[in-house]
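What follows is the residue order along each chain.
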Amino acid sequence: MTEIVVRNLTKRYGDALILENVSVDLPDHEFCVVLGPSGAGKTTFLRILLSQERPTSGEVLIDGAPLDPEPQPDRGVVFQRYSVFPHMTALQNVMFGPQLRAAPVTGRLWGARRRALRERAAALLGDVGLGHALDKYPAQLSGGMQQRLAIAQTLIMEPKVLLLDEPFGALDPSTRKAMHRLIVDLWARNRMTVVMVTHDIEEAFILGTRILMVDKRRRDPHAPQAWGSGIVEDIRLDPAKKPPMPEEEREEDMAAIFARHRARAGAALVAGAEAPPAPRRAAG
Amino acid sequence: MKRAVNYRPDRATGAFLALLPFAFALVAYFLASEARLAANPADRLMPSFGAFADAIEQFAFTENRRTGEYLLWSDTAISLRRIAIGLGVSVLLCIVVGVPAGFLPVLSRLLGPFVAALSLIPPLAVLPILFIVFGLGELAKVALIVFGVAPFLIRDVALAVQQIPRELIVKAQTLGASTWQMMTLVVFPQVLPRLFDSLRLSLGATWLFLIAAEAIASEGGLGYRIFLVRRFLAMDVILPYVAWITLLAFLMDWGLARLSRRLARWRAIEKGEA
């Protein structure tokens, strides 16, 4: 059971009021999507949940206890960028967290325990579709694969709460759809609460069981910083009754996407262009 | 007509182009030396290549009658030992001070301005102090190298630490990392390539300080020898020594680059070199 309670949360940077009096209850196993325009304070909200920032006033309780003032393993995070360690292979990235706990000085397990951890990490990487890339460095992975790796790295710690800060914002649309399927699947299988920040409304409705819209309740054109953001919309969605996710193509299946778009182009296709060019042999 | 930026030499042409200036310098020296020796066979400023060969033979392959040593090799051993100790201590200081000073806000406040001030003191101005404090032995020479190189390394690595994306540090904490674990397992490995780069850039300064210290007070070493034979205008010894020092510096640079690629393969992959 993980229940997050946010009470009268306010965040101010100097004169600028970012969040004003935000209160919300998130019951166990919620997939909460925080929507809002740029600068509305949704990332600030996430950073407070992460303990990367401290609220000016108000409090956040997880299962009745106030948040630890520092980031802790009970809350995992995936950022839009820089979520994995560039100097570790995929497998090393996933094995990193559990080794930290087990070996405070060296951060490295040996022997049978290491083998067991390696197996668990490899299985988890298989779950997120990276079974073939265990020994690749992040620089050798595509953007979508790096985010899959970041998710696996976080999940091995079995966090109560998974925080996602625009995790799919930098991905192309087909990769993004594949990631939606993956994250919903992982959320359903692990009993954790997800809080995700995005500015993509469609994404919010596809993924969320709870959608919070964060925006300024009042505006003063002469003092735009005087009013902070609050929750202007708060809706629940029953995941069982949602329309099925749009049938998605595999991340790398360019040919299928191309064929579908060509069919959709219909009459716009110029005749003759489709015919394959006559095979040419390289001279000499 | 292609634009000049779009001309890319192939491998063979590239190698030829790289060797061209060296060949040109050698030929120019040869011609100038010939001309001077033709005018005055006793000229000492531009010895012939034959004179170089004799000097090399005498210094590198003939036992010294007084000490029983081969001078070039014993000089080289003495100088390389000083450099190894000087750079070793500098790197150690850089890891032990630079990484924490870049990573921990309190230490960076405490040490940042001080190290910045240290790095601005001209090391050669401190040389007399070092001789007074440490005497004329090995310690003063090694101390000069450390004084000249370590503050730069520390500042550079501390800066590199501060450029690590904040997200990675937060992420490490959500995986349960302690300060020590972040420093040793996240921060240090990520700045290691930068440490190698700045070490390579310091090689020129290292040799400068070594030769300065050896020139002033020493009983051996490559710099000592050059300044000793200067009294006899022995260009036939000085020039091969300079070439030898250059070669040693080049090999050290090359070795460090290779070691860096080996120890931080991920960085080479990022840069598309492996």
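Cut-offs applied
- Residues numbered from 1 in each chain as written.
- Chains lettered and ligands numbered in written order.
- Predicted model: local features only at pLDDT ≥ 70, side-chain atom pairs only at ≥ 80, totals over all residues.
- Heavy atoms only, no water.
- Helix = DSSP H or I, 4+ residues; strand = E, 2+ residues; numbered from the N terminus.
- Buried < 20%, exposed > 50% of the residue type's maximum accessible area, 1.4 Å probe, protein only.
- Contact = heavy atoms within 4.5 Å.
- Areas by Shrake-Rupley, 256 points an atom, 1.4 Å probe, with all protein chains shown as cover.
- Axes fitted to C-alpha atoms, helices over the stretch in contact; angles between N-to-C directions.
- Parallel < 35°, antiparallel > 145°, perpendicular 65-115°, else oblique.
- Left-handed = near helix turned anticlockwise from the far one by under 90°.
- Nonpolar A, V, L, I, M, F, W, Y, C, P; charged D, E, K, R; others polar.
- Domains from an automatic or database assignment.
- Buried area = accessible area lost by both parts, 1.4 Å probe.
- Salt bridge = Lys/Arg side-chain N within 4 Å of Asp/Glu carboxyl O.
- Polar contact = N/O pair within 3.5 Å; in protein donor to acceptor, adjacent residues only side chain to side chain.

**Observations regarding the overall build of chain A**
When helices and strands are tallied, chain A shows seven helices and 10 strands. Along the three orthogonal principal directions, the C-alpha set of chain A runs to about 75 × 60 × 40 Å. Each of the 284 residues in chain A was classed as buried or not, and the buried ones make up 47%. Here the contacts in chain A between residues at least 6 apart in sequence split such that 71% fall between residues at least 24 apart. Accessible area of chain A: about 14,800 Å², with a carbon and sulfur share of 53%.

**What about the packing of helix α6 (residues 138-162) of chain B against helix α8 (residues 179-216) of chain B?**
Axis angle and axis distance: for two packed helices, these are the angle between their axes and the distance between the axes, and together they describe the pair. All names here are of chain B. Between α6 and α8, the shortest axis-to-axis distance is 8 Å and the interhelical angle comes to 155 degrees. Classified by the interaxial angle, the pair formed by α6 and α8 is roughly antiparallel. Considering the relative orientation of α6 and α8, their crossing is right-handed. Of the residues in α8, those touching α6 at Lys 141, Leu 144, Ile 145, Gly 148, Val 149, Phe 152, Leu 153, Asp 156, Val 157, Leu 159, Ala 160 and Val 161 are Val 187, Val 191, Arg 194, Leu 195, Ser 198, Leu 199, Ser 202, Thr 206, Phe 209, Leu 210 and Ala 213. For the contact of α6 with α8, a count of residues per class yields 16 nonpolar, four polar and three charged.

**Focus: unusual backbone geometry**
Residues and elements named next belong to chain A. Positive phi values are uncommon outside glycine, yet Asn 21 reaches one of about 55 degrees. Within the element layout of this structure, Asn 21 appears in strand β2 (residues 16-26). Among the residues examined, Asn 21 registers a relative accessible area of 43% and is labelled partly exposed.

**Re the domain arrangement of chain A**
Residue and element names in this part refer to chain A. Splitting chain A by domain gives domain 1 (1-74 + 159-275) and domain 2 (86-158). The C-alpha centroid of domain 2 is placed 25 Å from the C-alpha centroid of domain 1. With 16 residues of domain 1 at the contact, the number on the domain 2 side is 13 residues. Across the domain 1 to domain 2 interface the summed buried area is about 1,200 Å²; carbon plus sulfur atoms make up 70%. For Arg 189, the salt bridge is made with Asp 127, and the minimal N-O distance between the two is 3.8 Å. At the junction of domain 1 with domain 2, the criterion picks out one residue pair in polar contact (both at pLDDT 80 or more). Here the side of domain 1 that touches domain 2 takes seven residues from helix α5 (residues 173-189), the largest share from any one element. Of the residues assigned to the side of domain 1 that touches domain 2, the class counts are 11 nonpolar, two polar and three charged.

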